Structures are given as structure tokens and as C-alpha cells.
Amino acid sequence: MKTLLLAGATFGAIAFSSSVFASHSVYGVLKGGWTDLDDRDIPSEVDTTDYTFSLLGGVSFPLARDTFSVGVEGGAVWLGDYGDGNEVDISGIEAAAIGKARIATGTDLFLRAGSLAWDAEFDHGTDEDGVDAFWGAGFSYGLDNLKFRGSVDRYSLDEVDVEAYTLGLEYRFN
């Protein structure tokens, strides 16, 4: 957790420094969709799909005449509630590096990779947590400050993989 706080403080200092502030873009993302839990130990009759919601903030820095940008984003993610009788609720805080490429006016493709500090709460009272990697790919489309965003993310949590398929809105503040 200390590493996450230090990364956030460093990110804030870079993002709002006067020399960098003029050229970067600060944005927020609200997205939702569905997830699929991949665990070989779960019987096939147990429901391994659920809904997901995320609230992210980010900053990107343009490169190559605004056709490519790099940045960071992070925020809260809820990956779902799974199981029958022994239900588990998975949520966490994510931090990611992101690269975006403009392929047409208002249309970007992106790749992102980072880590998720996750917590799994079981109905029978036990908890598990950890920090594991994730990666994703997606697109954004729109003009001006509001964009439509779609993505697929794969979270690898200990011995379980969770795939999230999301649609959402991205709002650029500057």
C-alpha cells in the first residue's frame, strides 16, 4: 500500500508541474460490464459470471504530433460476486500504464498494463488479498471532451483469472 501511495504522490507531482501541465490531458472514466471468472477448481454448475464497475482517473501525454500518447491511470474496480453458497466478492485498486494510438479523427486504440491490489471477501468470513498483474486492450471514440470507451481486461489473481468486458464513458477535463 505504501508503494501505491508513493506512486500516486509521484504521479500527482509530475501531472501538475507547470512545465508538463500545458501539454497533458487529465481524464476520468466510468465503465461497467460483465466478468468471467476462470478457476478450474470451481464445479461447472457454479455461476462464474457477474457484473463489473470501475471508476478511474488518468493523465496522458501526447507524443508524435498527437498520434500517439502515453500515460497512467488508476482507480477503484469491483470485479464481481461469484459462487453458490460459498460466495466471494472481489474488488480492488488498480494502477496502470497506458499507450494510445490515434487511428482516425476521434478514434483511439489503447493497450494498458498494471497491477491490482485486490481483496476477496468470502461469505463464510475469511478474506484473501494480494497484488497481481493485469493487462487490457480497447478503444475510445468521440469528439471533444466526451468519449465512448470499450475494453477487455484480464486480471490474474493468484490461481484465478478474471476477464472483464466493459463499456463506458471517458471525460477529458482539459
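Before reading further, recall that the structure is shown in the block above.
What you see as residue numbers is a count from 1 along each chain, following the sequence as written. Note on the predicted model: pLDDT of at least 70 is required for a residue's local features to be given, and 80 or more for side-chain atom pairs to be given and counted; whole-chain, interface and lining totals, by contrast, use all residues. Here the side-chain values reflect all heavy atoms present in the structure, with hydrogen atoms and water set aside.

**Q** Could you give an account of a negative patch on the surface, naming the residues involved and the relevant values?
**A** Patch criteria: residues need more than 30% relative accessible area and no salt bridge. Like-charged residues are merged within 9 Å; nonpolar side chains of Val, Leu, Ile, Met, Phe, Trp and Tyr are merged within 5 Å. Working definition of accessibility: Shrake-Rupley area with a 1.4 Å probe, residue cover restricted to the visible protein chains. By definition here, a salt bridge exists when the distance from a side-chain nitrogen of Lys or Arg to a carboxyl oxygen of Asp or Glu is within 4 Å. A residue counts as positive if it is Lys or Arg and as negative if it is Asp or Glu; His and the chain ends are not included. Working definition for charges: the position is that of NZ of Lys, CZ of Arg, CG of Asp or CD of Glu. Together, Glu 121, Asp 127, Glu 128, Asp 129, Asp 158 and Glu 159 line one region of the surface with negative charge. Think of it this way: any DSSP run of H or I at least four residues long counts as a helix, any run of E at least two long counts as a strand, and we number them from the N terminus. Positionally, Glu 121 belongs in strand β5 (residues 107-122).

**Q** So what about the layout of surface pockets? Which residues, and what values?
**A** Using only the protein atoms, space was sampled on a 1 Å grid; points where a 1.4 Å probe fits but cannot get out form cavities, open sets with protein on both sides within 12 Å along at least five of seven lines form pockets, and lining residues are those with an atom within 4 Å of a point. Grid points are joined across faces, edges and corners, and a volume is the space filled by probe spheres set on the points. The volume enclosed by the second largest pocket comes to roughly 360 Å³. Every residue lining the second largest pocket is counted, 20 residues in all, and those nearest its centre are Ser 25, Ser 60, Ser 69, Arg 102 and Arg 172. Elements with a contribution of two residues or more to the lining of the second largest pocket: β1 (25-38), β2 (49-63), β3 (68-82), β4 (88-104) and β8 (160-172). Each residue is assigned to one of three groups, with Ala, Val, Leu, Ile, Met, Phe, Trp, Tyr, Cys and Pro labelled nonpolar, Asp, Glu, Lys and Arg labelled charged, and all others, Gly among them, labelled polar. Here the residues of the lining of the second largest pocket sort into five nonpolar, seven polar and eight charged.

**Q** Give a description of the packing of aromatic side chains that names residues and reports values.
**A** Here a Phe, Tyr or Trp ring, Trp counted by its six-membered ring, pairs with any other such ring whose centre lies within 6.5 Å, and the pair is stacked when the planes are under 30 degrees apart, edge-to-face when over 60, and tilted otherwise. Under the criterion given, the structure shown has five aromatic pairs. Ring geometry for Tyr 171 versus Phe 173: centroids 5.1 Å apart, planes at 75°, classification edge-to-face. Only protein chains enter the accessibility calculation, which uses a 1.4 Å probe. A residue is then buried if its area is under 20% of the maximum for its type, exposed if over 50%, and partly exposed in between. Residue classification places Phe 173 among the exposed residues on the basis of a relative accessible area of 56%. Note on criteria: charge over ring means Lys NZ or Arg CZ within 6 Å of the ring centre, with the direction from the centre no more than 35 degrees off the ring normal. When the ring centre of Tyr 27 is taken as origin, the NZ or CZ atom of Lys 100, which lies over that ring, is 4.2 Å away.

**Q** Any details on the pairing of β2? Residues and values, ideally.
**A** Sheet topology places β1 next to β2; twelve bridges connect them, and they run antiparallel. If you follow Leu 30 over to β2, its bridge partner there is Leu 55. Two strands qualify as a pair provided that DSSP identifies no fewer than 2 bridges between them. In terms of strand pairing, β2 meets β3 through eleven bridges, oriented antiparallel. The partner of Gly 57 across the bridge, within β3, is Gly 74. From the end of β2 to the start of β3, which pair antiparallel, there are four residues, and Ala 64 there has a positive phi angle of about 50°.

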